[in-house]
Amino acid sequence: MWTFTTDVEEFARAAEPFLLTDPVSNTVPLTVLAGLRAGMTARDAYFGWWTDGGQVRGAAFRTPPRPVGLARMPVRAAAELVRALHGDIPEVVGPRELTEEVARALGRSGHVLPERLYRLGTLTVPDVPGRGRPAAEGDLPLLVSWMYAFYDEVRLGAGEDVPGRTGQRLSHGELFVWESEGEPVSFAALSPAAGGVCRIGPVYTPPARRRRGYGAAVTAYTSQVGLDERCDHLVLFTDLANPTSNAIYRSIGYEPVSDYAQVTFQR
């Protein structure tokens with residue numbers, strides 16, 4: 001049975017213990033929960049948890065304009081979610097088998113962005129010219145432009161307040177850059193710890209700066225900051241359609257956990 005609320009703390013009381021049983025796979029809902037508690041705004045947001053046999057065994061949420069997000073849960077809970085929401089699911093993101101079940105229950109196809117969740121094993125720092133550093137206030141215009149470029153490239157972020165969200169992440173110390181010859185050439189973001197897990201992403205290098213190791217370097221640097229100062233484990237998502245990025249992250253010590261997908265359904 002699904003239960004829904006617009007109250008973040010009510011959702012946390014019901015679902016957080018369940019989410020914390022697998023903080024790696026549930027990194028997204030836990031990070032969203034931490035962000036909302038820290039003051040992140042989310043108009044018209046709602047949250048739900050699925051109870052089976054008197055125990056919470058699933059969770060879902062939506063913070064518009066972002067998709068409906070799914071925690072890891074039994075497949076049948078996804079079909080029940082579609083019925084509980086009366087099919088009002090324009091987009092969904094979560095473990096691949098769950099998004100496939102949502103599509104089946106909706107009876108609709110859509111644009112699928114296949115992703116893979118990676119977890120850091122032993123960090124290998126690449127030998128790349130330059131240095132990493134926390135992003136500074138003066139980097140904000142460049143980072144906003146790079147964030148727009150990233151969203152455009154991966155076909156995500158529609159409706160996102162990119163300048164506002166980028167500024168917020170900068171002020172919270174979540175953005176890092178790699179410099180070469182004193183000039184920023186790549187950036188990575190690091191989510192706050194949730195359940196002892198931090199998530200890297202997005203990572204972006206402008207096309208003219210690619211194939212020089214900057215993406216690997218800034219990811220490794222940001223990962224080291226996370227391990228040294230913020231969390232016990234690091235994770236990140238990759239686009240499975242991009243073999244280059246998958247190879248880069250594996251080269252610095254990230255190991256595959258499971259497949260995910262974001263699906264935008266056709267009307």
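The rules behind each value
- Residues numbered from 1 in each chain as written.
- Predicted model: local features only at pLDDT ≥ 70, side-chain atom pairs only at ≥ 80, totals over all residues.
- Heavy atoms only, no water.
- Axes fitted to C-alpha atoms, helices over the stretch in contact; angles between N-to-C directions.
- Helix = DSSP H or I, 4+ residues; strand = E, 2+ residues; numbered from the N terminus.
- Parallel < 35°, antiparallel > 145°, perpendicular 65-115°, else oblique.
- Left-handed = near helix turned anticlockwise from the far one by under 90°.
- Contact = heavy atoms within 4.5 Å.
- Nonpolar A, V, L, I, M, F, W, Y, C, P; charged D, E, K, R; others polar.
- Core = buried A, V, L, I, M, F, W, Y, C linked by side-chain atoms within 4.5 Å.
- Buried < 20%, exposed > 50% of the residue type's maximum accessible area, 1.4 Å probe, protein only.

Some thoughts on the packing of helix 3 (residues 75-84) against helix 4 (residues 96-106)
Contact geometry for helix 3 and helix 4: axes closest at 8 Å, N-to-C directions at 40 degrees. For the element pair helix 3 / helix 4, the angle class is oblique. With respect to the hand of their crossing, helix 3 and helix 4 are arranged in right-handed fashion. The residues of helix 4 that touch helix 3, namely those facing Val75, Ala78, Ala79 and Val82, are Glu97, Leu98, Glu101, Val102, Arg104, Ala105 and Leu106. Along the lines of polarity and charge, the residues of the contact of helix 3 with helix 4 split into eight nonpolar, no polar and three charged.

As for the nonpolar core
Most often, soluble globular proteins keep nonpolar side chains buried together rather than apart. With 24 residues, the main nonpolar core has Trp178, Leu190, Ile200, Val203, Leu234, Leu236 and Tyr254 as its most contacted residues. Every element with two or more residues in this core is listed here: strand 6 (110-120), strand 8 (175-180), strand 9 (183-190), strand 10 (197-204), helix 7 (214-229) and strand 11 (233-239). The element that contributes the greatest number of residues to this core is helix 7, accounting for six residues. Residues Met73, Ala77, Ala78 and Val82 belong to the second largest nonpolar core, which totals 20 residues.

Functional significance is not addressed by these values, which are geometric in nature.
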